[in-house]
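# Results of the structural survey
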Amino acid sequence: MAKVLVTVRLAAPATLEGAMRRLGLTEDEVDTGYGLVPVDPGRNLYVLRVTEEAGRRVGDSDAGAADGGPYSDPPIEPYGPPR
Amino acid sequence: MRVLIQLRPSPDLVAAVADPSVPSMTSDVADGLPGVVLDHSYAPVAVPRPMPASPGGDPLSLNQPLVFSMAPQDASVVVRGEIADDEVTSRVALLSAARRDVVAVYADPAIETTLTCGGDPAVGDWHDVERLLRVPDLTAEGLDGSGVRLAVVDTGINAAYVKATRGHDVTVDHERSWNPEGVSGTPGDFPVDHGTMCAFDALIAAPKASLLDVPVLLSRRQGGSTLDGLLSDAIAAYAHLRDVLDAQPAESRALVVTNSWGSFSPRWDFPPGHPGNYSDNPAHPFNLIVGSLAEAGADILFAAGNCGTQCRDGRCAYPDRPIVGANSHPSALSIGGIDTAGTRVGYSSQGPGRLAARKPDVCAYTHFAGSGALGDGEPDSGTSAACPVAAGLVAAVRSRWPSTVLPPSQLRTLLRRTADDRSAVGYDHDYGYGVVDAAGIIAALRRRAAKAA
């Protein structure tokens, strides 16, 4: 699993830089092209795509700063035609 | 689930059932079995008792000589019935405890061999689908997709191809369409492929809907190949669709999202039970954003998948319960496939789903001659076609019923409640609540409108 997802709660205005600072992530660890994506605006919940190692560091332990994760980012494929 | 129930009633009754000159009925031998809907059209059948030909033999051995006794004190009787799919285990246990004459309960699987499978020729064409969806009646009610945004989250749409094949104009909303990062291309101008099929099929019931082209399956992000994407692309797409929805005026809020894709294999996922898992985990960010978008007013439909037991797609790698992740989301409609003859296609995934057990919700039409986008002479197939067919029907409803008047949860209930049920006990894991029924929907909306007036 090359990349994983982590979630973070940020007050508006949320930025990728702010999320990286909060989580202690470097540019090498984050898919900056993907950016910071809002999951649920009502709950100030956002998602980032990061390396597996970074995901484990910020998400897995109780000390991790992420709201949740690391979550899988599996491939998705069309359901047709049946092969 | 259809079942055969073996009973041992009194010898007099067994003798009557075994006597071909005496007409006997299911109610004579098996009235009032708790939790079983008996099939009274099926005459009870007397079954002989196997007995070893020599003393000490095994009466159930297929490798020893047996004799079969139809003597009333030996024989039993079989009747047919149906038990709700989600109650089978408990009902079977209760039956044996509650009724001493119940010997055993057996599965009664379908033995038809003619289910439509991948590679089979088309069953009917898209005009049949139009007729079955009662498109003229929908149009007469003003339910034609006008003013409704219909997002096709797929491989991109070729609008010129759809227009040429349908013979009607196609509207692509360029401003509200969206590409994942790294995907170039103009909305409505992508190569003809799976997404074009989906667009064509969605327009059958909602010819005036405005299409949003969202080609997430063209993503070339690391890990992607020619025609796949990553779930993270779908999260970003849904975040965009949330902006689209929030910008709509409340009085005309209508966004339908059709998703004919999913995850075939647990290989790239954390295992079920792991907090980062997708397939079984409502807390995964994609499952969260699906719930959030539906709550905000979008109608979200997912294909159930092509992992039906009779002829599953070779890519299906989940050992059981193949309707996974958002394809089984409680806030989305999971769509199974039937052919235009009304029979479930053999590849349509069966429930229960992983996030919500009662999946698929309903079935819609597939495997018909339609867009031809998958190749010359190739049918529009898979639950991939069934999903946009159903999404078109939802978009048609939204022309007159914005989500602020008829919330998505109520519309989902309406589709389930009006579906043409295919079993005796309501919900089943093959057809869900049944086949989408436009006539039932129209009638229900009329009643609702009359009540509101």
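Residues numbered from 1 in each chain as written. Chains lettered and ligands numbered in written order. Predicted model: local features only at pLDDT ≥ 70, side-chain atom pairs only at ≥ 80, totals over all residues. Heavy atoms only, no water.

### Quick word on unusual backbone geometry
Residues and elements named next belong to chain B. The amide bond that connects Gly-351 to the next residue, Pro-352, takes the cis arrangement and shows omega of 5°. Secondary-structure assignment places Pro-352 in the loop between strand S15 (333-338) and strand S16 (362-365). Of note, the amide linkage connecting Lys-359 to Pro-360 takes the cis form, showing an omega dihedral of 0°. For Pro-360, the location among the structural elements is in the loop between S15 and S16. Unusually for a residue other than glycine, Arg-321 sits at a positive phi of about 45°. Along the polypeptide, Arg-321 turns up in the loop between strand S14 (298-303) and S15. Judged by relative accessible area, Arg-321 falls into the partly exposed class, the value being 35%. (Helix = DSSP H or I, 4+ residues; strand = E, 2+ residues; numbered from the N terminus. Buried < 20%, exposed > 50% of the residue type's maximum accessible area, 1.4 Å probe, protein only.)

### Structural notes on the nonpolar core
In terms of nonpolar packing, the biggest core is built from 67 residues, with B:Leu133, B:Leu211, B:Leu301 and B:Ile335 touching the most fellow members. Ignoring sequence-local partners within four residues, the contact set of B:Leu133 consists of B:Leu138, B:Ile204, B:Ala205, B:Tyr365, B:Val389, B:Leu393, B:Val436 and B:Ala438. Judged by nonpolar contacts, the second largest core, of 40 residues, contains A:Ile76, B:Val153, B:Val257 and B:Trp261. (Core = buried A, V, L, I, M, F, W, Y, C linked by side-chain atoms within 4.5 Å. Contact = heavy atoms within 4.5 Å.)

### Notes on the interface of chain A and chain B
Between chain A and chain B, the contact holds 32 residues from the first and 55 residues from the second. In this assembly, chain A packs against chain B so that about 3600 Å² is buried in total across both faces, 63% of it on carbon and sulfur atoms. Looking at the side of chain A facing chain B, the largest losses of area belong to A:Ile76, A:Tyr79 and A:Pro82, adding up to 26% of the total buried there. Taken together, the connections running from chain A to chain B amount to one salt bridge. Linking B:Arg315 and A:Glu77 is a salt bridge whose minimum nitrogen-to-oxygen distance equals 3.3 Å. (Buried area = accessible area lost by both parts, 1.4 Å probe. Salt bridge = Lys/Arg side-chain N within 4 Å of Asp/Glu carboxyl O.)

### So, the pattern of salt bridges
In a structure, side chains of opposite charge can pair up when their charged atoms sit close to one another. All names here are of chain A. Within the structure shown, the criterion is met by 28 salt bridges over all chains. Asp-67 is paired through a salt bridge with Arg-9; the nearest N and O atoms lie 2.9 Å apart. Of the two residues, Asp-67 is situated in the loop between helix H2 (52-60) and strand S4 (68-71) and Arg-9 in strand S1 (residues 3-9); the sequence distance between them amounts to 58 residues. Judged by its relative accessible area of 32%, Arg-9 is partly exposed. We note a salt bridge from Asp-40 to Arg-43, for which the minimum N-O separation is 3.7 Å. Residue classification places Arg-43 among the partly exposed positions, given a relative accessible area of 37%.

### Observations concerning the UniProt feature "active site" (unreviewed entry) in chain B
UniProt annotation of "active site" (unreviewed entry) refers to B:Asp154, B:His194 and B:Ser384 when read in the numbering used here. Maximum C-alpha separation among the annotated residues is 9.9 Å over a sequence range of 231 residues, consistent with a single clustered spot. Relative to the assigned elements, B:Asp154 resides in the loop between strand S8 (149-153) and helix H6 (159-166). The contacts of B:Asp154, once residues within four sequence positions are left out, are B:His194, B:Gly195, B:Cys198, B:Val214, B:Pro215, B:Val216, B:Leu217, B:Leu218 and B:Ser260. Along the chain, B:His194 falls in helix H7 (residues 194-202). Non-local contacts of B:His194, meaning those with residues more than four positions away in its chain, are made with A:Pro78, A:Tyr79, A:Gly80, B:Asp154, B:Thr155, B:Ser260, B:Leu374 and B:Ser384. At 2.6 Å, the side chain of B:His194 forms a polar contact with the side chain of B:Asp154. (UniProt positions renumbered as here; feature names shortened; annotations may be inferred. Polar contact = N/O pair within 3.5 Å; in protein donor to acceptor, adjacent residues only side chain to side chain.)

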